[in-house]
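Each chain, letter by letter, is given below.
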Amino acid sequence: MKNNINYILQKSINSHNLDEKEILLLLKTKSIKKLTSSADMIRKKYLGDEVHLRALIEFSNYCKQNCLYCGLQKTNLKLDRYRIKEQDIINLAKQAKNYGYKTVVLQSGEDPYYTIKKMVYIISEIKKLDLAITLSIGEKTFNEYKSYRQAGADRYLLRIETTDEKLYNKLNPGMNLKNRMQCLENIKKSGFEVGSGIMVGLPGQTLESIAKDIIYLKSIPVAMAGIGPFIYNPDTSISHLEKINKNNHFDLSLKVMAILRLIMPDINIPATTAMETLNHNGRLIALQSGANVVMPNATETIYRKKYEIYPGKICLNDSPEHCRTCIESKIKSIGRFISKSKGFHNSNVAI
Ligand code: SAH
C-alpha cells in the first residue's frame, strides 16, 4: 500500500510532505501522467492560472570557471566571447519594461569585469525603472551578495546542479559542493528570494541522488526552483568523460518539477528553455506539469548565438519583441494568462 503510487500522490496532495524513498518511487514511476496532473492541480489550487514572465538578459559569456558541462567554460576556445556594457544592459532592461515585463533576470558567466561597483550601478539604475531584479551570476562573496541586495536586487538564482558531492566536485573542477551550499546560505542571509535547482541527466547522476537534491531544495527552502535537462555540448570538456548519457531527459525533468510542486505548493517553478530545446512544446508541457513561470529571452539577437551553454537553444534568431508576443500567445493557448504582478514568492497565495 505504502509503495503504491496512488497512495504516495494522495499523501503529497494532503500533506505536501514526502520522504526520500517516496520521492524515489515517484521518480521511477511509469505513471508520469498521474504525477504531472496532480502537480498541475496543486499549481492551480495554490497559484491559479497566472504565469509570471521574467525577461532574461544574458549580458556576458565570459566565465572564469570551468564547469565541464557548460559551453561558457573558460577552456572552450570555440566560443566567441562578448560582454554588454553597463549602459546597454540598463537599456535592455528599459526595453524589457516597455514590453511589459515586471522582472529582469541578469545572467552571465562568472565574469570579473563586472566589479561590485559596476553591478551596484547597474542594479540601482534598473531599480529606478520599478522592475524586480533577479541575479544569476554565480558564486560571489558574502559581501558581494549583501551589496547587490542593498542596491535593490530582489532574487538570486544559483543552481546547486547536483548534491552528489563526488559528482559535483568532478564536474566542477576548482569548485566544491560545500562552498556552493555556503553561497546559497549567504544569498539567503543577505535577504534575497533564493532560487536554486538542478540539472537532470548529468553523466553519473543517479535517481537516488536526484531524490536527495529534491529534499535539499525543500530544506533551504527555495522560493524558486529551476530544473533543466542536461544537454550534451560537444564543445565542452565533458566529452572527455567516458560515460555520457546523451538520452533525452525530458520526462525525468518533468517528473522532478512535478514532485517539487507537490511538496512545495506555492514556490515559483520556471518552464525552462532547455525543456523547449528537447521538445518543441516543452515549456507548455512544463506549465501543465507544475510550472508557473517562463523566462523569455530579452537579449539582443546578435548576442544570442554566442550565449551557447548547450547546442540547440531556442529563439536564436528572434528579437526580444518577437519572444514577448510569441510567448504570450502560447500561454493563452493553454488557457493561462500573464500576471501583472512582480510575482514574488511571498505574495503567492498560499491556502
Ligand atoms: N554562472 C551562473 C549562470 C550559469 S548558466 C551560475 O553559475 O549560476 C545557467 C545554468 O545553465 C547553469 O546553472 C546550469 O544548470 C545550466 N547549464 C549549463 N550547462 C548546461 C548543459 N550542457 N545543458 C543544460 N543546462 C546547462
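Position numbers for residues count from 1 along each chain, tracking the sequence in the order it is written. For a predicted model such as this one, the threshold for reporting local features is a pLDDT of at least 70, and the threshold for listing and counting side-chain atom pairs is 80 or more; totals across whole chains, interfaces and linings nevertheless cover every residue. Side-chain calculation: all heavy atoms of the structure are included, whereas hydrogens and water are not.

Engineer: Any details on the packing of helix α1 (residues 5–15) against helix α2 (residues 20–28)? Residues and values, ideally.
Structural biologist: One can describe the packing of α1 onto α2 by two numbers: an axis separation of 10 Å at closest approach and a directional angle of 120°. Considering their axes alone, α1 and α2 lie oblique with respect to each other. When you trace α1 past α2, the crossing you get is left-handed. Contacts between α1 and α2 pair Ile5, Ile8, Leu9 and Lys11 from the former with Glu22, Leu25 and Leu26 from the latter. Here the contact of α1 with α2 is built from residues that sort into 5 nonpolar, no polar and 2 charged. Angles run from 0 to 180 degrees between N-to-C directions of axes, and those axes are lines fitted to C-alpha atoms, restricted for helices to the stretch in contact. Helix numbers and strand numbers start at the N terminus; a helix is a DSSP run of H or I with at least 4 residues, a strand a run of E with at least 2. Oblique is the label for every angle not falling under 35 degrees (roughly parallel), over 145 degrees (roughly antiparallel), or within 65 to 115 degrees (roughly perpendicular). Handedness of a helix crossing follows the sense of rotation of the near helix relative to the far helix, less than a right angle counterclockwise being left-handed and clockwise being right-handed. Should any heavy atoms of two residues lie within 4.5 Å, those residues are considered in contact. For this classification, Asp, Glu, Lys and Arg are treated as charged, while Ala, Val, Leu, Ile, Met, Phe, Trp, Tyr, Cys and Pro are nonpolar and the rest, including Gly, are polar.

Engineer: Describe the site of the ligand, with residues and values.
Structural biologist: Whether a residue is near a molecule or strand depends on its heavy atoms: if one lies within 4 Å, it is near. In the vicinity of the ligand, 17 residues are found, and the nearest of them are Tyr69, Ser108, Arg159, Glu161 and Ile231. Under this definition, polar contacts are N or O atom pairs within 3.5 Å; protein pairs additionally need one hydrogen-donor-capable and one acceptor-capable atom, and for neighbouring residues in sequence, both atoms have to be side-chain atoms. Serine 108 is positioned such that a nitrogen or oxygen atom in its backbone is 3.0 Å from a nitrogen atom of the ligand. Interatomic distance of 2.8 Å between a backbone N/O atom of isoleucine 231 and a nitrogen atom of the ligand. For the area figures, the Shrake-Rupley method with a 1.4 Å probe applies, and any residue is considered shielded solely by the protein chains shown. Starting from 560 Å² of accessible surface for the ligand in isolation, the protein chains cover 91%.

Engineer: Could you give an account of unusual backbone geometry, with specific residues and numbers?
Structural biologist: Cis rather than trans, the peptide bond between isoleucine 220 and proline 221 has omega equal to -15°. Tracing the chain through its elements places proline 221 in the loop between α9 (207–219) and β7 (224–229). For aspartate 130, which is not a glycine, the phi torsion comes out positive at approximately 60°. Looking at where aspartate 130 falls in the secondary structure, it is placed in the loop between α5 (116–127) and β4 (132–136). The class for aspartate 130 is partly exposed, based on a relative accessible area of 49%. Unusually for a residue other than glycine, cysteine 315 sits at a positive phi of about 65°. In this structure, cysteine 315 sits in the loop between α13 (301–304) and α14 (320–333). Throughout this description, buried means an accessible area under 20% of the type-specific maximum (1.4 Å probe, protein chains only), exposed means over 50%, and partly exposed covers the range between.

Engineer: Before we move on, could you go through the sheet that holds strand β8 (residues 270–271) and cite the residues and values that matter?
Structural biologist: Between any two strands, pairing holds if DSSP finds at least two bridges. Taken in spatial order, the 4 strands line up as β8-β9-β1-β10 in an open sheet, and their pairing is parallel. On the outer flanks of this sheet lie β8 and β10 (337–338), each paired with one strand and no other. Bridge count for strand β1 (residues 50–53) against strand β9 (residues 293–294) is 2 bridges, and the pairing is parallel. Among the inter-strand pairings, histidine 52 is bridged to a residue of β9, identified as valine 293.

Engineer: So, the side chain of serine 237: which residues are in play, and what are the values?
Structural biologist: Looking at where serine 237 falls in the secondary structure, it is placed in the loop between β7 and α10 (250–263). Its relative accessible area of 18% is what places serine 237 among the buried residues. Those residues in contact with serine 237 that lie beyond four places of it in its chain are Leu68, Gln73 and Thr75.

Engineer: Account for the pattern of salt bridges, naming residues and giving values.
Structural biologist: What makes a salt bridge here is a side-chain nitrogen of Lys or Arg within 4 Å of a carboxyl oxygen of Asp or Glu, nothing more. Within the structure shown, the criterion is met by 20 salt bridges. Between aspartate 111 and arginine 83 there is a salt bridge, with its nearest N and O atoms 2.8 Å apart. Taken together, the residues aspartate 111 in the loop between β3 (103–108) and α5 and arginine 83 in the loop between β2 (55–60) and α4 (86–98) connect sequence positions 28 residues apart. Arginine 83 gets classed as partly exposed once you look at its relative accessible area, which sits at 32%. Between glutamate 165 and lysine 178 there is a salt bridge whose closest N-O contact spans 2.9 Å. Placement of glutamate 165 in helix α7 (residues 165–171) and of lysine 178 in helix α8 (residues 177–189) is noted, with a sequence separation of 13 residues between them. Residue glutamate 165 is classed as partly exposed on the basis of its relative accessible area of 33%. In this structure lysine 178 comes out as exposed when scored by relative accessible area, which is 56%.

Engineer: Could you give an account of the nonpolar core, with specific residues and numbers?
Structural biologist: In this text, buried Ala, Val, Leu, Ile, Met, Phe, Trp, Tyr and Cys residues form a nonpolar core when linked through side-chain atoms within 4.5 Å. Core analysis: the largest hydrophobic core is formed by 105 residues, its most contacted members being Leu106, Met119, Ile126 and Leu135. If one sorts the elements of this core by residue count, α10 sits on top with 10 residues. Those residues in contact with isoleucine 126 that lie beyond four places of it in its chain are Ile89, Ile90, Ala93, Val104, Leu106, Leu131 and Ile133. Judged by nonpolar contacts, the second largest core, of 6 residues, contains Val105, Leu157, Met224 and Val293.

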